[in-house]
Amino acid sequence: MRNGIEGNFARCLVERLGETSCLIDAATGQTVPSHDLPNLIVGFAAGLRSAGLGPGDRMLVGCRVSPASTLAYLGAMYAGVVPVPTEERLLSASGGFLLAQSQAKVVWTDKGTKCDWLKSHSVCHIEGTFEACSPDSLPPHPCAENDLAVLMPTSGSTGVPRLVMVAHSNLKSNTEAIIRSQRLGTDERAMLIMPVSYCFGASVMHTHLYQGGGVVFDSRFMFPDKVLHAINTYGCTTFAGVPVIYNVLLRRSNLKSIPLPSLRRFLQAGGALAPENVREMRHIVPTAEFLVMYGQTEATARISCLPKARLQEKLGSAGIPLDNLEVRIVDEEGREVPQGQIGEIQVRGPSVCFGYLDDPESTDRKFGGGWLKTGDFACCDKDGYLWIKGRTDEFIKIRGVRVSVGEVETKVAAMPGVSECAAVAVKHPEAGEALALLIVPDNSATESAVAENHGDDLGDRIRRALPPHWTCASVKIVAELPRTTNGKIARSQLQTLL
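Note that this is a predicted model, so its numbers are computed, not measured.

Caption draft 1: Region of the structure containing the overall build of the protein. A tally of regular secondary structure across the protein gives 14 helices and 26 strands. Whereas a compact globule of 498 residues would reach a radius of gyration of roughly 23 Å, the protein reaches 23 Å, a difference of no more than 12%. Expressed as lengths along the three principal axes of its C-alpha atoms, the size of the protein is roughly 70 × 55 × 50 Å. For the protein, long-range pairs separated by at least 24 residues make up 67% of all intrachain contacts whose partners lie at least 6 apart in sequence. Entry remark: accessible area of the protein is about 20,600 Å², with carbon and sulfur atoms responsible for 49%.

Caption draft 2: The sheet that holds strand β14 (residues 265-268), seen in detail. Spatially, nine strands are ordered β3-β2-β12-β11-β13-β14-β15-β16-β17 in an open sheet, and the strand pairing comes out mixed. Edge positions in the sheet fall to β3 (31-32) and β17 (320-321), since each of these pairs with one other strand and no more. Relative to β14, strand β13 (residues 238-241) runs parallel, the two being bridged by four bridges. Of the residues in β14, the one forming a bridge with F239 is F266.

Caption draft 3: Local environment of the environment of D358. Tracing the backbone shows D358 in the loop between β19 (343-348) and α11 (360-367). Sequence separation of D358 and E188 is 170 residues, and the distance between their C-alpha atoms is 38 Å. In contact with D358, other than residues within four places in its own chain, are Q101 and Q103.

Caption draft 4: Focus on the sheet that holds strand β6 (residues 106-109). On the basis of which strands lie adjacent, the open sheet formed by four strands has the order β5-β4-β6-β7 and parallel pairing. For this open sheet the edge positions go to β5 (82-87) and β7 (124-127), each flanked by a neighbour on one side alone. Taken pair by pair, the neighbouring strands of this sheet meet at an average axis angle of 25 degrees, ignoring direction. The sheet contact formed by strand β4 (residues 58-63) and β5 spans six bridges and is parallel. Looking at β5, one finds that C63 is bridged to E87. Where helix α3 (residues 67-78) meets the sheet, its contacts fall on β4, β5 and β6, and the angle it forms with β4 comes to roughly 165 degrees.

Caption draft 5: Broad picture of the pairing of strand β15 (residues 289-295). Burial runs high along β15: six of the seven residues are buried. Sheet topology places β14 next to β15; four bridges connect them, and they run parallel. Of the residues in β15, the one forming a bridge with Q268 is V292. Crossover β14 to β15 through helix α9 (residues 275-284) is right-handed. Connecting β15 to the antiparallel partner strand β16 (residues 302-305) that follows it, the hairpin turn spans six residues, and T300 within it adopts a positive phi of roughly 75 degrees.

Caption draft 6: Layout of the environment of E420. Here E420 lies in strand β24 (residues 418-428). Considering only alpha carbons, one finds E420 and D442, 22 residues apart in sequence, at a separation of 7.9 Å. With sequence-adjacent residues up to four places away left out, E420 is seen in contact with V244, N247, L438, I439, V440, L481 and R483.

Caption draft 7: Inspection of the pattern of salt bridges at higher detail. Under the criterion given, the structure shown has 24 salt bridges. A salt bridge links E280 to R251, with the nearest nitrogen and oxygen atoms 3.3 Å apart. With E280 in helix α9 and R251 in helix α8 (residues 243-252), this residue pair connects regions lying 29 residues apart in the sequence. The class for E280 is partly exposed, based on a relative accessible area of 21%. Close ionic contact of R335 with D331 constitutes a salt bridge, the shortest N to O distance being 3.0 Å.

Caption draft 8: Main features of the packing of aromatic side chains. Within this structure, the stated rule accounts for 10 aromatic pairs. Here the aromatic rings of Y246 and F266 are separated by 5.9 Å at their centres, their planes lie at 80 degrees, and the arrangement is edge-to-face. Residue Y246 is found in helix α8, and its partner F266 is found in strand β14; the two are separated by 20 residues along the sequence. F266 matches Y246 in its accessibility class, with the two residues each being buried. Grouped by ring-pair contacts, the aromatic residues F239, Y246, F266 and F290 constitute a single cluster. The ring of W371 carries R328 above its face, with NZ or CZ at 4.1 Å from the centroid.

Caption draft 9: Here's a closer look at the pairing of strand β11 (residues 189-192). Judged from the four bridges that link them, β11 and strand β12 (residues 214-217) form a sheet pairing that is parallel. Bridge pairing in β12 links M191 to V216.

Caption draft 10: Just the nonpolar core, in detail. In this structure, F200, F239 and F266 are the most contacted members of the largest nonpolar core, which totals 119 residues. Counting residues per element, this core draws most heavily on α3, at eight residues. In contact with F200, other than residues within four places in its own chain, are M194, A240, G241, V242, L267, Q268, A269, M293 and R302. If you look at the next biggest cluster of nonpolar residues, it comprises 21 residues, including V418, A423, L458 and I477.

Caption draft 11: Region of interest: helix α6 (residues 199-210). If you check α6, its first and last C-alpha atoms are 16 Å apart, about what 12 residues at 1.5 Å a residue would give, namely 16 Å. For α6, the buried fraction is high: 12 of the 12 residues fall into the buried class. Along α6, the residues classified as buried are C199, F200, G201, A202, S203, V204, M205, H206, T207, H208, L209 and Y210. Two residues or fewer past α6, G212 is found with a positive phi of approximately 90 degrees.

Reading the values: rules and limits
Residues numbered from 1 in each chain as written. Predicted model: local features only at pLDDT ≥ 70, side-chain atom pairs only at ≥ 80, totals over all residues. Heavy atoms only, no water. Helix = DSSP H or I, 4+ residues; strand = E, 2+ residues; numbered from the N terminus. Rg over C-alpha atoms; globule rule 2.2 N^0.38 Å. Contact = heavy atoms within 4.5 Å. Areas by Shrake-Rupley, 256 points an atom, 1.4 Å probe, with all protein chains shown as cover. Pairing = 2+ DSSP bridges. Axes fitted to C-alpha atoms, helices over the stretch in contact; angles between N-to-C directions. Buried < 20%, exposed > 50% of the residue type's maximum accessible area, 1.4 Å probe, protein only. Right-handed = clockwise from strand over helix to strand, strands pointing away. Salt bridge = Lys/Arg side-chain N within 4 Å of Asp/Glu carboxyl O. Phe/Tyr/Trp six-rings, centres within 6.5 Å; stacked < 30°, edge-to-face > 60°. Lys NZ or Arg CZ within 6 Å of the ring centre and 35° of its normal. Core = buried A, V, L, I, M, F, W, Y, C linked by side-chain atoms within 4.5 Å. Expected span 1.5 Å × (residues − 1).

That's the geometry; what it means functionally is another story.
As structure tokens, then:
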């Protein structure tokens, strides 16, 4: 185990920044060019040290989709301070909880953020950025590779997020493996519409800066055409999004009429995207490869990737594990299952984190025995590709047979007239449990069907298309599905819509 400045991930990243490295805010035009970027990261570290923060202290980082949030995140890490990134708009609701959970000594926000809730907490509040400082004048904090680098919140799609302890070695290993799996060049520039408080967003930022490239942040995805034009304005080579983002691009943007000549790849993670939508994306933008990925916060970010060369053949698969990870499929007793049989995905390797902060019981349950127990059910084919069937807590038992929520939602979302689907388990007098479907119609549905829930024709068509053993108790048309800040379906809120 190495000890010293070489173990500091932020130090490694700063040293690898290149002539094309930059941070750009597409909404304002603000640019942090390559010659300023390392100095501003180090300047932030110097500012935190001057403010009295020492190695191991925690700092709650209120993240916008902006360059400043990234400077705060990396500057803290460079100084040995542990960032606790959370989306800025959540601070007013859950800032006190996160402060208590992380034992943070300071809260950082960008300028202009309302933090009235801080008045009831004896904690320092820092706004904005610090003056630039040369890396030669301030060495990074020396640390061991397995020292804590960041406390990353889980996505919280099924409840309250937990803080995952991510080490410097986890970040370095996962970042380098992702770069290899995506074959990133040294001239890449990512379009990022997610904050770095989401491990997917953080991994896109890590990989592109670590490889010597740049990142463009755009917080305007409510107007998707603006983001598409910004991809062209800034010559972005990568676009990353969760399934809902691609659904919006396909149904509510002018993607078909806005050429994207600089774009080399789409990255998709954060849940299953219907294969039909992947094919449509490839048809509309054939010059950009489409990389389907699977991951978890507990594994730093990425676990597997579907190579572009096998996309057509293996569409629907989550791909093969990254080259530094071992993956196995096991039954309830922890025994590996034969090829093609469904079991739980377990992962082992240097990207797997060290557990949850101050939660030894959950840590032992999730990470015990040297394997990360993902909670995802899948099978593995003869070529080693993962086919995810659902989560341990996302199955509905209909007439004694487990039906995957993910499979139901993917099948229904692919039907004509359906944009999105969420499936909920409800009690049923004969089947034990049955499906209750929440449907967001696509643009072919009438506005009155959404407003008045007169989606009888669509509901009937969905029921008729479902397999006979999928007992469906109800189909309800809704304008939108509740979501976490990371774009995933907020499953804990679905029952309120039934």
